[in-house]
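Now for the letters of each chain:
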Amino acid sequence: MSEQATRTIQAAPAAPATVTPKHTAFDYKKYRPFAFAPSLPDRTWPSKTLEKSPIWASVDLRDGNQALIDPMTIEQKMRFFKTLVGVGFKEIEIGFPSAAQVEFDFARKLIEENHVPDDVTLQVLVQAREHLIARTFESLKGAKRAIVHVYNSTCRIQREKVYGKDKAEIKEIAITGAKLLVEYAAKYPETEWVFQYSPESFSQTETEYAVEVCDAVCDVWKPEHGQEVILNLPATVEASTPNVFADQVEYFCRNLAKREHVTISLHTHNDRGCAVAAAELGVLAGADRIEGTLLGNGERTGNMDIMVMAMNLFSQGIDPELDFSNMSEIVQVVSECNNLPVHPRHPYVGELVFTAFSGSHQDAIKKCLDYNEKHIEQTENVWDVAYLPIDPAHIGRSYQDVVRINSQSGKGGVAYILQRNYGFNLPRWMQIDFSRVVQHQAETAARELQNDEILQTFENTYLQQGSFELLDYSVNNKGGEVYFNGQVQMNGETITIDGTGNGPLSSFIDGLAQHTGKSIHVINYAEHAINPQHNSVDGIDDDTNSDNKTNANAAAYIQLNVDGEVYSGIGTCSSTVSAMLKGALSAFAQAVSTSAA
């Protein structure tokens, strides 16, 4: 083999590694790329931003209900309906009255018992068949205003494999359904009727054909003459990326003959996990209205989650025009009526969505919250906190949810819990010291630590000096020097401490050093008042009780160098001087116990 050939072989890139599926049924070659994307090189939606909320329409009681293993009872549907009204929905799809007696009865109950507020419009779904349309209008008799939503599938796969009809025949089904709505609406003139049409499986329909069918429907309904019309574009099966769906929507809006006279609605599903993104981009592409469900319940992987999309707008400073301030109560109703659990990571509502276990995340959250509290005017009271897209309090969540402690947690998280829950604002050096203790405890327990466990560890480490106790003392100024005289109990023995320095702490440390023969120096010191909300009147640690308690007026943090080793201590008391001295004794007690061990 020539030298040149050898060099060529050596320079050739290695063949990419291949993964052989364990099961031959896992065969990607049986699938084809999405085939219904319109050509739209001059698309405009990418340069737009969301500036207002769309019209919202809940389909929980129809699309959500039909996806349940056990459909809702009338009582459950009524509870859910009232919740939707309370949230602020103005258009609510209540069911498929021609499909089941319970659906029909629910519509009649709402209307006959006057459960529908004047500003709320009922919506019902029906196939483009006359006997079903007749039954549907009968269910809505007496309604002040109602949306009748008629549909037929237009996608290629159903045309060819389900119905065996060509495009012209499928379009004729839509036209016939549109004419039947006009005919039956005329029989109930006391109701203000809104007509809605969906080319079902719009997402898998040739977009130009969807336009053709909807133009034909509009020619029947004549929205330009005042008939209110909604054209709903369903991603009945999500089959492409959200940007492609946005192209489909923009193409539709551009080419629909009577676009300015109709409302364009979207109804996205979550088969690829992008229902919310598709809906958001669809609004940028020209849609006016969004159908969806709370928490995303629906066929297969679910409907577009209106709560998530609304809260996304909320997080960008846009009024969602829906009220989720009592989120926990809403979620409870939805979960109980659907008989479905809520995933702990579900956006905005899951148990863990505002929770940080990571130490760096906790530290950043604590620093941001502290900064905002100290600079309210500078921040203009605008929420801007690392790792928290919204303030949990805005939807009724507690700050106790934000930071939780396990073996991955760091000093920031521990400090946050002690500050928020118990009033201890640990200086950075104390945070580092205590975080090591908590991490060891969490690793040993191999689980999350509860707040009361963290407090107990805090007390055991710093506030219980064991056999060390500060008793009576006096501090006097003489000739520019400070003299300390007092009694300290050490290991059951009461000893007298005398020392001098430039302040109470240095004179106390001088006395301890003289009595024990140890080299003792103060490295760091900090103190602060404890917020009264964290105090208990009976538990104030004053100069007359000996326990170093957590519910006191002042906290002092001391870091000592004792014979070359560093120890931290904390003291609490109604007196700042006593708190300071107890903090020093706390650190010294750790030094003695460590050396004894």
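On a predicted model such as this, the values are computed, not experimentally measured, just so you know.

Caption draft 1: Inspection of the overall build of the protein chain at higher detail. Looking only at helices and strands, the protein chain features 19 helices and 14 strands. Burial analysis of the protein chain (597 residues in total) assigns 51% to the buried set.

Caption draft 2: Inspection of the packing of aromatic side chains at higher detail. Evaluation of the coordinates by the stated rule reveals 15 aromatic pairs. Ring centres of Phe34 and Phe36 lie 5.7 Å apart, and the angle between their planes is 75 degrees; on these two criteria the pair is classed as edge-to-face. For Phe36, a relative accessible area of 12% gives the class buried. Between Phe434 and Phe458, the aromatic rings sit 5.3 Å apart at their centres with planes inclined by 75 degrees, giving edge-to-face as the arrangement. Residue Phe434 is located in helix α16 (residues 428–445), and its partner Phe458 is located in helix α17 (residues 451–463); the two are separated by 24 residues in the primary sequence.

Caption draft 3: Geometry of the layout of surface pockets. Each pocket or cavity is described by its volume, and for the largest pocket that value is around 410 Å³. For the largest pocket, the lining is made up of 13 residues, of which Arg32, Phe36, Arg156, Ile157 and Gln204 are closest to its centre. Here the lining of the largest pocket is composed, by residue class, of 7 nonpolar, 1 polar and 5 charged.

Caption draft 4: Quick peek at the confidence of the model for the protein chain. Scored by pLDDT, the protein chain comes out at a mean of 88, with 90% of its residues at no less than 70. Taken together, the stretch residues 536–551 has pLDDT below 50 and engages in 46 contacts with residues farther than four places along the chain or on a different chain.

Caption draft 5: Representation of the sheet that holds strand β7 (residues 263–268) in the model. One closed barrel holds the 8 strands; their spatial order is β1-β2-β3-β4-β5-β6-β7-β8, and the pairing between them is parallel. Recorded for the sheet is a direction-independent mean angle of 25 degrees between the axes of neighbouring strands. Two strands pair when backbone bridges link them, and strand β3 (residues 121–127) and strand β4 (residues 145–153) are joined in this way by 6 bridges, in the parallel orientation. For Gln127, the partnering residue across the bridge sits in β4 and is Tyr151.

Caption draft 6: Up close: the pairing of strand β5 (residues 192–200). Within β5, 7 of the 9 residues are buried, leaving the element largely enclosed by the surrounding structure. One ladder, built from 9 bridges, connects β4 with β5; its direction is parallel. Bridge assignment links Val150 to a residue of β5, and that residue is Tyr197. Alignment of β5 against strand β6 (residues 229–235), held across 3 bridges, turns out to be parallel. Each bridged residue has a counterpart across the sheet, and for Tyr197 the counterpart in β6 is Leu231. Once the chain exits β5 it traverses helix α8 (residues 207–221) before rejoining the sheet at β6, and the crossover so formed is right-handed.

Caption draft 7: Spotlight on the pattern of salt bridges. For the structure on display, the rule yields 22 salt bridges. Note that Glu336 and Arg79 form a salt bridge whose closest N and O atoms lie 2.8 Å from each other. Residue Glu336 is located in helix α12 (residues 327–338), and its partner Arg79 is located in helix α3 (residues 74–87); the two are separated by 257 residues in the primary sequence. Arg79 sits in the partly exposed class, given a relative accessible area of 35%.

Caption draft 8: Inspection of the sheet that holds strand β13 (residues 554–562) at higher detail. Reading across from one edge, β12-β13-β14 is the order of the 3 strands in this open sheet, with antiparallel pairing throughout. Because the sheet does not close on itself, it has two edges, and the strands there are β12 (520–529) and β14 (565–573). In this sheet, neighbouring strand axes are inclined to one another by 15 degrees on average, regardless of whether the strands run parallel or antiparallel. Here β12 runs beside β13; their pairing, made up of 9 bridges, is antiparallel. In the sheet register, Ile520 faces β13, and the bridge partner there is Val562. Contacts between helix α18 (residues 504–516) and the sheet are confined to β12 and β13, with β12 contributing the most and set at about 140 degrees to the helix.

Caption draft 9: Local environment of empty space enclosed by the protein. Applying the stated criterion to the full structure yields 3 cavities of 30 Å³ or more. Looking at the largest cavity, its volume works out to about 60 Å³. Looking at the largest cavity, the residues that line it are Ser203, Ala235, Glu238, Ala239, Ser240, Thr241, Pro242, Phe245, Gln248 and Ala278. In terms of residue class, the lining of the largest cavity is built from 5 nonpolar, 4 polar and 1 charged.

Caption draft 10: Up close: α16. For α16, with 18 residues, the first-to-last C-alpha span of 25 Å sits near the 26 Å given by 1.5 Å per residue. Positive phi appears at Ala446, one or two residues downstream of α16, with a value of about 60 degrees.

Caption draft 11: Here's a closer look at unusual backbone geometry. Phi angles above zero are rare outside glycine, and Asn114 is one such case at about 60 degrees. Along the polypeptide, Asn114 turns up in the loop between α4 (101–112) and β3. Classification of Asn114 by relative accessible area gives exposed; the value is 67%. The phi dihedral of Leu295 falls on the positive side, at around 70 degrees, and the residue is not glycine. Here Leu295 shows up in the loop between β8 (289–292) and α11 (306–315). Since its relative accessible area comes to 18%, Leu295 is described here as buried.

Caption draft 12: Fine view of the environment of Asp42. By secondary structure assignment, the location of Asp42 is in the loop between α1 (3–11) and β1 (55–58). Here the alpha-carbon distance between Asp42 and Asp247, two residues 205 residues apart in the chain, equals 9.9 Å. Residues contacting Asp42, with those up to four places away along its chain left out, are Glu250 and Arg254.

Caption draft 13: Quick peek at the side chain of Glu206. Residue position: Glu206 is located in the loop between β5 and α8. Residue classification places Glu206 among the buried positions, given a relative accessible area of 12%. Polar side-chain contacts of Glu206 include one of 2.9 Å to the side chain of Arg159. If near-sequence neighbours (up to four positions away) are discounted, Glu206 is found in contact with Phe36, Arg156, Arg159 and Lys167.

Reading the values: the criteria
- Residues numbered from 1 in each chain as written.
- Predicted model: local features only at pLDDT ≥ 70, side-chain atom pairs only at ≥ 80, totals over all residues.
- Heavy atoms only, no water.
- Helix = DSSP H or I, 4+ residues; strand = E, 2+ residues; numbered from the N terminus.
- Buried < 20%, exposed > 50% of the residue type's maximum accessible area, 1.4 Å probe, protein only.
- Phe/Tyr/Trp six-rings, centres within 6.5 Å; stacked < 30°, edge-to-face > 60°.
- 1 Å grid on protein atoms, 1.4 Å probe; cavity = no way out; pocket = protein on both sides within 12 Å on 5 of 7 lines; lining within 4 Å.
- Points joined across faces, edges and corners; volume = space filled by probe spheres on them.
- Nonpolar A, V, L, I, M, F, W, Y, C, P; charged D, E, K, R; others polar.
- pLDDT = per-residue confidence, 0-100.
- Contact = heavy atoms within 4.5 Å.
- Pairing = 2+ DSSP bridges.
- Axes fitted to C-alpha atoms, helices over the stretch in contact; angles between N-to-C directions.
- Right-handed = clockwise from strand over helix to strand, strands pointing away.
- Salt bridge = Lys/Arg side-chain N within 4 Å of Asp/Glu carboxyl O.
- Expected span 1.5 Å × (residues − 1).
- Polar contact = N/O pair within 3.5 Å; in protein donor to acceptor, adjacent residues only side chain to side chain.

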